[in-house]
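Residues per chain, in single letters:
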Amino acid sequence: MDYFVKNSDIIVYEPHFDLDETLDCGQAFRWKKIPSDFKSAYEGSFLNDYLRISQTEKNEFIFHNTDESVFLNKWKDYFDFDTDYSELKRTFSEDETLSKACEFAGGIRLLRQDSWECLISFIISQNNNIPRIKGILERLCEHWNGKFPTSSQLAEETPDSLSFLRSGFRAKYICDASQRTAGGITDLATIASAPINEARKSLMEIKGVGPKVAECVLLFGMHRTEAFPVDVWIRRVLEQFYPDGFPEFAVPHGGIAQQYLFHYIRNNFR
């Protein structure tokens, strides 16, 4: 990644990055595509800091109205700019199917999200579609004056008091996750650094958190790249292309490989 400061903007050049493929692939839900004169533009928040970001036809990325120190201390890490995705894709491309997936959607990057926000987001994602997930999260943040509520704030709520979210059965799971986290029963920082199977088990002690949600929280909220969420699309990939098991060499970063495969199979399944 290379960058320079231009007036009040940060201009980044990173060939292994695409806004649409990264921000609209189902790993984060607080980003909204907005009209612009650029190739693509989004606005959203991370840890309640707002960002407007655009992509030019030359694959330059404009972090609008962003201070250099904020870019280096927050957004550089969030967009995982310190990871060499060219090397990851070179390794993945030893496998024929992964090679095609990387070529199809080579601009995907794994966002380094906040574990608490990610936990609530993926609890809400169960049996849901992306527009509705975004709508529930938008109502949640609007209720707290545009900020994502803390676990302590949400722990004071009940399924009835959260009826304004229109989240259905998920409200009781939001309450349980909030009460456990605020009360110290569930320590997300400890889980993030625990052995992977222990981390999975701890997350699934939260009501409504099954294997898929646990894997999503580990991958997207804790950057445990060995986590491997399996939905209907990835199950098709595994059945069709990997009946004898996922390639061993890709397992340590299987979650990132999964992102390429998910985007590829969802758009090209026959």
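Each chain has its residues counted from 1, running along the sequence as written. Predicted model: local features are reported for residues with pLDDT of at least 70 only, side-chain atom pairs are reported and counted for 80 or more only, and whole-chain, interface and lining totals are derived from all residues. Side-chain descriptors were evaluated using all non-hydrogen atoms of the structure, hydrogens and water having been removed beforehand.

Novice: Explain the overall build of the protein to me, and be specific about the residues and the numbers.
Specialist: Counting its regular elements, the protein contains 13 helices and 6 strands. Two things to know: the radius of gyration comes from C-alpha atoms, and the globule rule equals 2.2 Å times the number of residues to the power 0.38. For 270 residues, the compact-globule estimate of 2.2 N^0.38 gives 18 Å, and the C-alpha radius of gyration of the protein, at 19 Å, lies within 12% of that figure. Overall, the protein is about 55 × 50 × 35 Å in size when its C-alpha atoms are taken along their principal axes. Relative to its full complement of 270 residues, the protein shows a buried share of 52%. By sequence separation, contacts in the protein at least 24 residues apart represent 65% of the contacts at least 6 residues apart. All accessible-area figures derive from a Shrake-Rupley calculation using a 1.4 Å probe, and residue coverage is judged against the displayed protein chains alone. Surface accessibility of the protein: about 12700 Å² in total, with carbon and sulfur atoms responsible for 47%. Positive charge is attributed to Lys and Arg, negative charge to Asp and Glu, and no charge count is given to His or to the chain ends. Charge positions come from single atoms, namely NZ of Lys, CZ of Arg, CG of Asp or CD of Glu. Here the protein contributes 31 positive and 40 negative side-chain charges, whose respective centroids are spaced 5 Å apart. Counting from the N terminus, the helices are DSSP H or I runs at least four residues long and the strands are E runs at least two residues long. Note on exposure labels: buried denotes an accessible area under 20% of the residue type's maximum, exposed denotes more than 50%, and partly exposed covers the range between, all computed with a 1.4 Å probe on protein chains only. Residues count as neighbours in contact if any of their non-hydrogen atoms are within 4.5 Å of one another.

Novice: Break down unusual backbone geometry for me, citing the residues and quoting the values.
Specialist: For N65, which is not glycine, the phi torsion reads 50 degrees and is therefore positive. Checked against the element boundaries, N65 lands in the loop between β6 (60-63) and α2 (68-78). A residue is classified by how much of its surface remains accessible, and N65, at 58% relative accessible area, is exposed. Of note in the backbone geometry, H223 takes a positive phi value of approximately 55 degrees without being a glycine. Tracing the backbone through its elements, the reader meets H223 in the loop between α11 (211-222) and α12 (232-241).

Novice: Would you mind going over the layout of surface pockets in detail, with residue names and values included?
Specialist: Using a 1 Å grid laid over the protein atoms alone, points where a 1.4 Å probe fits but cannot get out form a cavity; open sets with protein on both sides within 12 Å along at least 5 of 7 lines form a pocket; any residue with an atom within 4 Å of a point counts as lining. Grid points are joined across faces, edges and corners, and a volume is the space filled by probe spheres set on the points. Size it by volume and the largest pocket reaches roughly 510 Å³. In terms of lining, the largest pocket is formed by 23 residues, of which the most central are F122, S125, K212, D231 and F262. Counting only elements with at least two residues in the lining of the largest pocket, the list comes to α6 (130-143), α11 and α13 (254-268). Think of it as three bins: nonpolar holds Ala, Val, Leu, Ile, Met, Phe, Trp, Tyr, Cys and Pro, charged holds Asp, Glu, Lys and Arg, and polar takes everything else, Gly as well. Of the residues assigned to the lining of the largest pocket, the class counts are 11 nonpolar, 9 polar and 3 charged. Taken together, 16 residues line the second largest pocket, and the ones lying closest to its centre are R30, W31, G44, S45 and E138. Elements with a contribution of two residues or more to the lining of the second largest pocket: β3 (31-33), β4 (40-46) and α6. Residue classes in the lining of the second largest pocket are distributed as 5 nonpolar, 4 polar and 7 charged.

Novice: Which residues make up helix α10 (residues 196-203), and what are the values?
Specialist: Among the residues making up α10, those that are buried are I196, A199 and L203. Each buried residue of α10 lies within a common arc of 60 degrees when the element is viewed along its axis, so the set occupies one face. Opposite its buried face, α10 presents the exposed residues N197 and K201, each directed more than 90 degrees away. Against α9 (188-193) and α11 lie the buried residues of α10. The directions considered for the arc are those from the helix axis to the C-beta atoms.

Novice: So what about the pairing of strand β1 (residues 2-6)? Which residues, and what values?
Specialist: Here, a strand pair is defined by DSSP locating no fewer than two bridges between the strands. Of the pairings in the sheet, the one linking β1 to strand β2 (residues 9-13) comprises 5 bridges and is antiparallel in character. Bridge assignment links V5 to a residue of β2, and that residue is I10. Between β1 and β2, which pair antiparallel in sequence order, lie 2 residues; one of them, N7, sits at a positive phi of approximately 55 degrees.

Novice: Can you break down the packing of aromatic side chains residue by residue, with the values?
Specialist: Two measures describe an aromatic ring pair: the distance that separates the ring centres and the angle between the ring planes. A pair of aromatic rings is counted whenever rings of Phe, Tyr or Trp (Trp by its six-membered ring) have centres within 6.5 Å, and the orientation is called stacked for planes under 30 degrees apart, edge-to-face for over 60 and tilted otherwise. Overall, the coordinates contain 24 aromatic pairs when judged by the stated rule. Ring geometry for F46 against Y78: centres 4.4 Å apart, planes inclined by 35 degrees, an arrangement best described as tilted. With F46 in strand β4 and Y78 in helix α2, the pair connects residues that are 32 residues apart, well separated along the chain. The interplanar angle of 40 degrees and the centroid separation of 6.4 Å between the aromatic rings of F71 and F81 together place this pair among those described as tilted. Of this pair, F71 sits in helix α2 while F81 sits in the loop between α2 and α3 (85-92), placing them 10 residues apart in sequence. Just as F71 is buried, F81 falls in that class too. Here the aromatic residues Y3, F17, W31, F46, F61, F63, F71, W75, Y78, F79 and F81 are joined through ring pairs into a cluster of three or more. Only when the NZ of Lys or the CZ of Arg is both within 6 Å of the ring centre and within 35 degrees of the ring normal is a charge said to sit over the ring. Positioned above the aromatic ring of Y173 is the side chain of K172, whose terminal nitrogen or guanidinium carbon lies 4.8 Å from the ring centre. Above the plane of the ring of W233 lies R236, whose end atom (NZ or CZ) is 4.7 Å from the centre.

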